[in-house]
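Analysis of the macromolecular model
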Amino acid sequence: MTLSDVQPRRRSRLAAAFSRLEGPQTMGRGPGFWAGFLIVVALASAYPLFSDGYTVGNTVYFFTWTFMAMGLSLIWGYGGALSFGQTAFFGLAGYTYGVLTINIGAEYGFTLVALLLAMLVAGALAALIGYFLFFGRITGVFLGIVTLSITLVFERFMAQTAGPQWAIGSARLNGYNGMSGMPPLTIPWPSGDIVLYPDVTLYYVVLGLVVLVYLGLRMLVNSRFGNVLVAIRENPERAEMLGYDIRKYQLGAFVIGAMLAGLSGVLYTAWGQYITPSSMSITAAALPIVWVAVGGRSDLTATLVGTLVVLGGFQALTIYGSQYALIVMGALLVVTVLVAPEGIIAAIAKLPARLRARSQKGEAV
Amino acid sequence: MALLQTSGLNKHFGGLHVTNDVNFDLQPGEIHCLIGPNGAGKSTLFRLILGEHLPSSGTIHYDGTDITTAKPFQRIRKGISVKFQVPGIFKALKVRQNLEIALQHHLEGHSLGEEIDRLLEFLNLTDAADQLAGNLSHGQKQWLEIGMAISLKPKLLLLDEPTAGMTPDETFATGEMVQRLNADGVTVLAVEHDMAFVRQIAQRVTVLHFGRIFAQGTIDDIVADERVAAIYLGEGHHD
């Protein structure tokens, strides 16, 4: 085989991968959609020029949660497995980042290594838990109960680590007071390290990650893997009777989703240089479900937009009291389930096509 | 050599003996129908062959290998395929995507698209290719699932009441479909109530009653057997 034989094949594989940016599992296709996408990315890139440092830092805070939401969309929306475990992996990765960087420091780009290690730790725990869940054929509401229990056990455990004996190296776990003092993410640079404090630089890094993960997941869900995942959601018995070992696909989605929750956890921890067990409380565990359900769990774009809208609304409401904001979130979930079970953003996006179909039907009559 | 052979197959659910010492064989290339009154153990035997239930005792051999304890997906990969009684399709996905998911094991790119088009034509579903599978008529759903089952290029196709809920015309068309598949070399085992359909397709018939093989032969043998007529009228069990 000569090199000229190999290169076209490689090129065609690359082309095939990019062609999966569009497909049956994702809303949005064609030049119109991608022009809109580029405009949104351009506007998001220009946004810090017209805003102040605090607001930009606050926007980064919103962005940090979207990875966990997109991961949940993959597990629940595409794979059909309702998991309350995302916040456990969020917390685990956050604490792992803290323990690693407090002990080793931020030199030589170690914070970036710590980010990857923390995501791997979250992924490894997800693989262990997921193995017992999916190979044990735990499905439906029981999957939700078990994952919620794991999250709450982890929260309870971290909550009782206030004493000085609960330290890993020089990193005190600190119980409900939370772990603090870890360094922000730091990019090594010849003319001096770039420290990503929650302002414009961190904004661009996280925005870049949001775009990368969003596009990467679009390719994943429109691939063969994504096909099998939605097949399992629709009819697991049929999917298995097409020769797929559905347990491996469910486990794969669970681990990828957990690693994305871990990415959120690390970014959140590095953003505020702080993490507490309350980030794994029952409220924290339920909120991602609300974001993803309200947006539209079976579509990545709807999930991403929905999460940002709901988070923005939630923060605006907390000005009037965080408990009231939670009641509104609960009400929003109930309304979504009753009025637009596929998600409000997804329903709005599909509205023009539905109206067109209805008017065509009217003409036919 | 038989393509499928069960030896001394038993399945108990607590004290209930649903499958009793079943020694059953399926010859390569035949269309074999499994009939019997309600509760005869047809579905259980089916699920034992598929691996959805594991037998209490006995063995199942397929194509020369022991598959008694193999997982369902492992049996599918060996060349067994199934169409369920209630259409097991992916309702929220388009018809074309249903077939794509079934075919993507062994095909990709251009040849995948061609094979989907060929199957759609075989199944009389070309016009419905871009509809959601859940919006198809009942008969079309049954055909789509047959299409998904044969996408795997099986040696053995298991059909659980493939014509349930179909009109007589649809039933006849399904029979023709099964015969064309058989002509291409697919061995078929069908559980079926509709005797007109059994008469149309069956080369050999096995009657199950109280979990045991009660009679076996051609459809004419079975129809002529007074004992079989009696069990359908509820008189066949004398202990």
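Quick note: structure is the one above.
Cut-offs and rules
Residues numbered from 1 in each chain as written. Chains lettered and ligands numbered in written order. Predicted model: local features only at pLDDT ≥ 70, side-chain atom pairs only at ≥ 80, totals over all residues. Heavy atoms only, no water. Pairing = 2+ DSSP bridges. Helix = DSSP H or I, 4+ residues; strand = E, 2+ residues; numbered from the N terminus. Axes fitted to C-alpha atoms, helices over the stretch in contact; angles between N-to-C directions. Contact = heavy atoms within 4.5 Å. Buried area = accessible area lost by both parts, 1.4 Å probe. Salt bridge = Lys/Arg side-chain N within 4 Å of Asp/Glu carboxyl O. Polar contact = N/O pair within 3.5 Å; in protein donor to acceptor, adjacent residues only side chain to side chain. Nonpolar A, V, L, I, M, F, W, Y, C, P; charged D, E, K, R; others polar.

**Re the sheet that holds strand β7 (residues 156-160) of chain B**
Residue and element names in this part refer to chain B. Taken together, the 6 strands give an open sheet; going across it, the order is β6-β7-β8-β3-β9-β10, and neighbouring strands pair in mixed fashion. Single-partner strands in this sheet number two, and they are β6 (80-83) and β10 (212-217). Mean inter-strand twist for the sheet, computed between neighbouring axes without regard to direction, equals 20°. For β6 and β7, the ladder comprises 4 bridges, and the chain directions are parallel. Its bridge partner lying in β7, I80 is registered against L156. In the packing of helix α1 (residues 42-50) onto the sheet, contacts are made with β3 (31-35), β6, β7, β8 (187-191) and β9 (204-209), and the angle to β7 comes to roughly 145°. Together, β3, β7 and β8 form the strand contacts of helix α6 (residues 168-183), whose direction differs from that of β3 by roughly 135°.

**Let's talk about the interface of chain A and chain B**
Contacts between chain A and chain B engage 20 residues on the former and 28 residues on the latter. Buried area between chain A and chain B, summed over both chains or domains, comes out near 2100 Å², and the portion from carbon and sulfur atoms is 55%. On the chain A side of the contact with chain B, R238(A), M241(A) and L242(A) bury the most area, a combined 33% of that side's loss. Scanning the region where chain A abuts chain B turns up 2 salt bridges. The partner of R238(A) in a salt bridge is E145(B), with the nearest N and O atoms 2.4 Å apart. One can count 13 residue pairs in polar contact (both at pLDDT 80 or more) joining chain A with chain B. Of all the secondary-structure elements, those providing two or more residues to the side of chain A that touches chain B are α8 (224-234) and α9 (236-240) of chain A. Among the elements that line the side of chain A that touches chain B, the one with the most residues is α8(A), at 7 residues. Within the side of chain A that touches chain B, the residues separate by chemical class into 8 nonpolar, 4 polar and 8 charged.

**Side note on the environment of I89(B)**
Within the element layout of this structure, I89(B) appears in the loop between β6 and α3 (95-103). C-alpha separation for the pair I89(B) and Q216(B), spaced 127 residues apart in sequence, amounts to 33 Å. Residues contacting I89(B), with those up to four places away along its chain left out, are N235(A), N98(B), A133(B), K141(B), L144(B), E145(B) and M148(B).

Nothing here speaks to function; it is all geometry.
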